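Descriptive structure summary
Below are the chains, spelled out letter by letter.
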Amino acid sequence: MPKYSRGMLVAAMSAVGALCLAGCSSAPAPDTQSAAADRPQVLTTFTVLADIAQNVAGDDIEVTSITKPGAEIHGYEPTPGDIRAASDADLVIDNGLNLEAWFAQFVETVDVTHVVVSDGVEPIDIADDAYAGTPNPHAWMSPANVQVYVDNIAEAFADLVPASADAFAARADDYKAQLQQIQDDLDARLSELDADHRALVTCEGAFSYLARDAGLTEQYLWAVNAEQQATPQQIAATIEFVRDRDVPAVFCESTVSDRAMQQVVEATDATFGGILYVDSLSESDGPVPTYLDLIRHDVDTIVAGLTNAS
């Protein structure tokens, strides 16, 4: 992991406007740019957190993401431009649970208030591979957990802008109600699914929290995204699981290749249920431009795959 010296930080902070915060697709109009500059600036590590936070912030705070839509968060390496953006921020938000392996070193270079939004979430440990025994970082894949995120964000924003505390609390309550509706919908739609078919098979083990909430048994090719593709042993174990339980459909995430999972499909009676989104939102004209879109898309895709094929 690269280290950033004070000299690099100074150079990044003095760089001319070519260094733009990752996630900005175009420069805002002058009036919009001026209005945004007048608001407190909050920086998040990835797009999912930025969208959740902006729903609480409303027009009182400007929220941006270090990473761009579609980016893989696990192995991200901060740029001098990211450090410059963080040094200008009033608050930096990250997920925690070891998701952003690069983040601890990153925040050491800047003197900015830092909030971990997963504080208070009951972690689920990764069961195997090199990361066995460490917390699964994908806690936001549970709408119930995101309600904890929202409370943490609202509290941090109230500390940042005390005059808007009531507005943050009201937006947080509204957003949590939408999250609970999604959870209730998932429970209702899976309630009559055959016990053997209550299994969620994915490429990465990113759905432990959603599977727990929905009463699904989780199976995956690899525990956490890695550079290499799935091993023959991982593929064989997944094939055996799908055959033994007669799993109707299997899935894969948008940021990885589904090649290994297609081998599972070819070796079993399961269909490929579709692409799931986890680590990143899409562009505004894509399938999951917001977190609520992401979680609804995944719920719809999982329910359709497990029920239509059963």
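Residues numbered from 1 in each chain as written. Predicted model: local features only at pLDDT ≥ 70, side-chain atom pairs only at ≥ 80, totals over all residues. Heavy atoms only, no water.

**A few points about the packing of helix α3 (residues 47-57) against helix α7 (residues 165-190)**
Where α3 meets α7, the axes come as close as 7 Å, and the angle between the chain directions of the two elements is 125 degrees. Comparing the axis directions of α3 and α7 gives the class oblique. Taken together, the residues of α7 that come into contact with α3 (itself represented by Asp-51, Ile-52, Asn-55, Val-56 and Ala-57) are Phe-168, Arg-171 and Tyr-175. Its residues assigned to classes, the contact of α3 with α7 shows five nonpolar, one polar and two charged. (Axes fitted to C-alpha atoms, helices over the stretch in contact; angles between N-to-C directions. Helix = DSSP H or I, 4+ residues; strand = E, 2+ residues; numbered from the N terminus. Parallel < 35°, antiparallel > 145°, perpendicular 65-115°, else oblique. Contact = heavy atoms within 4.5 Å. Nonpolar A, V, L, I, M, F, W, Y, C, P; charged D, E, K, R; others polar.)

**Considerations on the environment of Ile-52**
If you trace the backbone, Ile-52 turns up in helix α3. When the C-alpha atoms of Ile-52 and Thr-290 are compared, they prove to be 8.1 Å apart, with 238 residues separating the residues in sequence. When near neighbours in sequence (up to four residues on either side) are disregarded, Ile-52 contacts Val-146, Val-150, Ile-153, Tyr-175 and Tyr-291.

**A short note on the confidence of the model for the chain**
Across the chain, pLDDT averages 85, with 86% of residues at or above 70. Confidence, read as mean pLDDT per element, is least for helix α1 (residues 6-13) in the chain (37) and greatest for helix α6 (residues 143-160) (98). Per-residue pLDDT stays below 50 along residues 1-29; that stretch engages in 39 contacts with residues further than four places along the chain or on separate chains. (pLDDT = per-residue confidence, 0-100.)

**Considering a negative patch on the surface**
Taken together, the side chains of Asp-194, Asp-196, Asp-246 and Asp-269 define an acidic patch exposed on the protein surface. By secondary structure assignment, the location of Asp-269 is in the loop between α10 (259-267) and β8 (271-276). (Patch = residues over 30% accessible without salt bridge, like charges linked within 9 Å, V, L, I, M, F, W, Y side chains within 5 Å. Areas by Shrake-Rupley, 256 points an atom, 1.4 Å probe, with all protein chains shown as cover. Salt bridge = Lys/Arg side-chain N within 4 Å of Asp/Glu carboxyl O. Lys, Arg positive; Asp, Glu negative; His and termini not counted. Charge placed at Lys NZ, Arg CZ, Asp CG, Glu CD.)

**Some details on the environment of Ala-267**
Within the secondary structure, Ala-267 sits in helix α10. With 27 residues separating them in the primary sequence, Ala-267 and Glu-240 have C-alpha atoms 9.5 Å apart. Residue contacts for Ala-267: discarding those within four places in its chain leaves Ile-239 and Arg-243.

**Describing the packing of α3 against α6**
Interaxial distance between α3 and α6 falls to 10 Å at its minimum, and their mutual angle equals 55 degrees. Comparing the axis directions of α3 and α6 gives the class oblique. Crossing of α3 over α6 shows right-handed handedness. The residues of α6 that touch α3, namely those facing Leu-49, Ile-52, Ala-53, Val-56 and Ala-57, are Val-146, Tyr-149, Val-150, Ile-153, Ala-154 and Phe-157. (Left-handed = near helix turned anticlockwise from the far one by under 90°.)

**Some words on the sheet that holds strand β1 (residues 41-44)**
Taken together, four strands build an open sheet; the order of strands is β2-β1-β3-β4 and the sheet is parallel. Looking along the sheet, the strands with just one partner apiece sit at the ends: β2 (62-65) and β4 (114-116). Adjacent strand axes in the sheet meet at a mean angle of 25 degrees, parallel and antiparallel pairs treated alike. In the sheet, β1 pairs with strand β3 (residues 91-94) via three bridges, with the strands oriented parallel. Across the sheet, Leu-43 pairs through a bridge with Val-92, a residue of β3. With respect to the sheet, α3 is in contact with β1, β2 and β3, its orientation differing from that of β2 by roughly 175 degrees. Along the sheet face, α6 touches β1, β2, β3 and β4 and points at about 175 degrees away from the line of β3. (Pairing = 2+ DSSP bridges.)

**What to know about helix α9 (residues 232-245)**
Taking 1.5 Å of rise per residue, 14 residues should cover 20 Å, and α9 covers 20 Å from first to last C-alpha, within 8% of that figure. For α9, the complete set of buried residues consists of Gln-234, Ile-235, Thr-238, Ile-239, Phe-241 and Val-242. Looking straight down α9, one finds that the buried residues subtend no more than 160 degrees of arc, so they occupy a single side. Facing away from the buried side of α9, by more than 90 degrees, are the exposed residues Pro-232, Gln-233, Arg-243 and Asp-244. Each element contacted by the buried residues of α9 is listed here: β5 (199-204), β6 (217-222), β7 (249-253) and α10. Just past α9, the residue Asp-246 takes up positive phi, approximately 50 degrees. (Expected span 1.5 Å × (residues − 1). Buried < 20%, exposed > 50% of the residue type's maximum accessible area, 1.4 Å probe, protein only. Arc of directions from axis to C-beta.)

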